[in-house]
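Inside the fold
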Amino acid sequence: MAARSVRRLGRGLSLGRGLSLGSLCFRGSPRVFSTAAQQRSTGDECGPEDPHDEPKHPRSDCAIKHKAIKLEEQVQDLTERYRKALADSENVRRRTQKFVEDAKLFGIQSFCRDLVEVADILEKTTESAAEEAEPSNPNPTLKKIYEGLSLIEAKLQSVFAKHGLQKMNPVGGKYDPYDHEIVCHVPAEGMQPGTIALVTQDGYKLHGRTIRHALVGVAVESQE
């Protein structure tokens, strides 16, 4: 009997110990899980920092600003060069156009210089024929020659005008060194000194440009 009692008491003690340990382990398990969760959350918070929150370097900002200033200067320089190139090309275009227009207008300049000499000969011949064909001279042939020469001279001057070639008429006007060449001086009788009194050879202009100077005599004050 005594042995059975001792056995039962030992079983009860062992069972009680098992329950207390199990209860302790069961009660402590939530704390273990909560501690692990806290560690995981703490580990997440202590993870790698956001790259956007990295501190900025002042040296890199200065380098970017300096590069931007240099690029802006280059843009301004290229813009100025572009404007100059446009202006130069426009000037070249205008000069070329003017050269072409002048070539069209004055391409016959040398020919006109030679042709006005023929006009001089024709004019002198016509004047001589006019003197011979006076009413006192009954020769009808000279009269017809004079009329024919007069028609040729008029037609020639018409052709000159058609192509921009005009004869100067400077008598009574002011002396202009660009249009006239002084060959003599004459007393100023009823004329202002410095004006053109006579013309010994006609001058001609082609589209406003003098191709042959007029040979003139300029009036001066007479010295008593």
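Quick note: structure is the one above.
Note that the coordinates shown come from a computational prediction; the quantities given were computed from them, not determined experimentally.

**Focus on unusual backbone geometry**
The phi dihedral of His-207 is positive, around 55°, even though this residue is not glycine. Tracing the backbone through its elements, the reader meets His-207 in the loop between strand S4 (204-206) and strand S5 (209-212). With a relative accessible area of 39%, His-207 lands in the partly exposed category.

**Brief notes about the sheet that holds strand S6 (residues 214-220)**
Taken in spatial order, the three strands make up an open sheet running S2-S6-S3, and their pairing is mixed. Only two strands of the sheet have a single partner each, and these edge strands are strand S2 (180-187) and strand S3 (196-201). Ignoring which end each strand starts from, the neighbouring axes of this sheet average 30° apart. Bridge count for S3 against S6 is four bridges, and the pairing is antiparallel. Residue pairing for S6: Ile-196 is matched across the bridge by Val-218.

**Quick word on the pattern of salt bridges**
Using the criterion set out here, one finds eight salt bridges in the structure. The salt bridge partner of Asp-102 is Lys-98, with a shortest N-O separation of 2.9 Å. Here Lys-98 and Asp-102 lie together in helix H2 (residues 58-106), a separation of four residues that amounts to about one turn. Residue Lys-98 is classed as partly exposed on the basis of its relative accessible area of 44%. Between Lys-167 and Asp-202 there is a salt bridge, and its shortest N-O distance comes to 3.6 Å. One end of the pair, Lys-167, is in strand S1 (residues 165-167); the other, Asp-202, is in the loop between S3 and S4, and 35 residues separate them in sequence. Residue classification places Asp-202 among the buried positions, given a relative accessible area of 16%. Ionic contacts of the salt-bridge type, sharing partners, join the residues Glu-90, Arg-93 and Arg-94 into one network.

**Details of the sheet that holds S4**
Adjacent strands of a sheet form backbone hydrogen bonds with each other and so pair up, either parallel or antiparallel. Across the sheet, which stays open at both edges, the three strands sit in the order S1-S4-S5 with antiparallel pairing between neighbours. What marks the edges here is a single partner per strand, and that holds for S1 and S5. The mean inter-strand angle of the sheet, taken between neighbouring strand axes irrespective of direction, is 35°. Relative to S4, S1 runs antiparallel, the two being bridged by three bridges. Its bridge partner being in S4, Gln-166 is matched across the sheet by Lys-205. Helix-sheet contacts for helix H3 (residues 109-132) involve S1, S4 and S5, and the interaxial angle to S5 is about 60°.

**Some thoughts on the packing of aromatic side chains**
Overall, the coordinates contain one aromatic pair when judged by the stated rule. Centre to centre, the rings of Phe-160 and Tyr-204 are 6.1 Å apart; their planes meet at 90°, and the pair counts as edge-to-face. Taken as a pair, Phe-160 in helix H4 (residues 140-162) and Tyr-204 in strand S4 lie far apart in primary sequence, 44 residues in all. Just as Phe-160 is buried, Tyr-204 falls in that class too. We note Arg-209 situated over the ring of Phe-106; from NZ or CZ to the ring centre the distance is 3.7 Å.

**Quick notes on the pairing of S6**
Remark: a regular strand shows side chains that alternate across the two faces of the sheet. Counting buried positions along S6 yields six of seven residues, so the element is predominantly enclosed. In this structure, S2 lies alongside S6, joined through seven bridges in parallel fashion. Across the sheet, the residue bridging to His-180 is Ala-214, located in S6.

**Here we look at the nonpolar core**
By size, the foremost hydrophobic cluster in this structure holds 13 residues, and its most contacted members are Phe-160, Leu-165, Tyr-204, Leu-206 and Ile-211. When residues of this core are traced back to their parent elements, those giving at least two are H3, H4 and S4. Among the elements that make up this core, the one with the highest residue count is H3 (five residues). If near-sequence neighbours (up to four positions away) are discounted, Leu-206 is found in contact with Leu-105, Phe-106, Ile-108, Gln-109, Cys-112, His-163, Gly-164, Leu-165 and Ile-211. One finds Met-168, Ala-214, Val-216 and Val-218 within the second-largest nonpolar core, a separate group that totals five residues.

Quick notes on the rules
Residues numbered from 1 in each chain as written. Predicted model: local features only at pLDDT ≥ 70, side-chain atom pairs only at ≥ 80, totals over all residues. Heavy atoms only, no water. Helix = DSSP H or I, 4+ residues; strand = E, 2+ residues; numbered from the N terminus. Buried < 20%, exposed > 50% of the residue type's maximum accessible area, 1.4 Å probe, protein only. Pairing = 2+ DSSP bridges. Axes fitted to C-alpha atoms, helices over the stretch in contact; angles between N-to-C directions. Salt bridge = Lys/Arg side-chain N within 4 Å of Asp/Glu carboxyl O. Contact = heavy atoms within 4.5 Å. Phe/Tyr/Trp six-rings, centres within 6.5 Å; stacked < 30°, edge-to-face > 60°. Lys NZ or Arg CZ within 6 Å of the ring centre and 35° of its normal. Core = buried A, V, L, I, M, F, W, Y, C linked by side-chain atoms within 4.5 Å.

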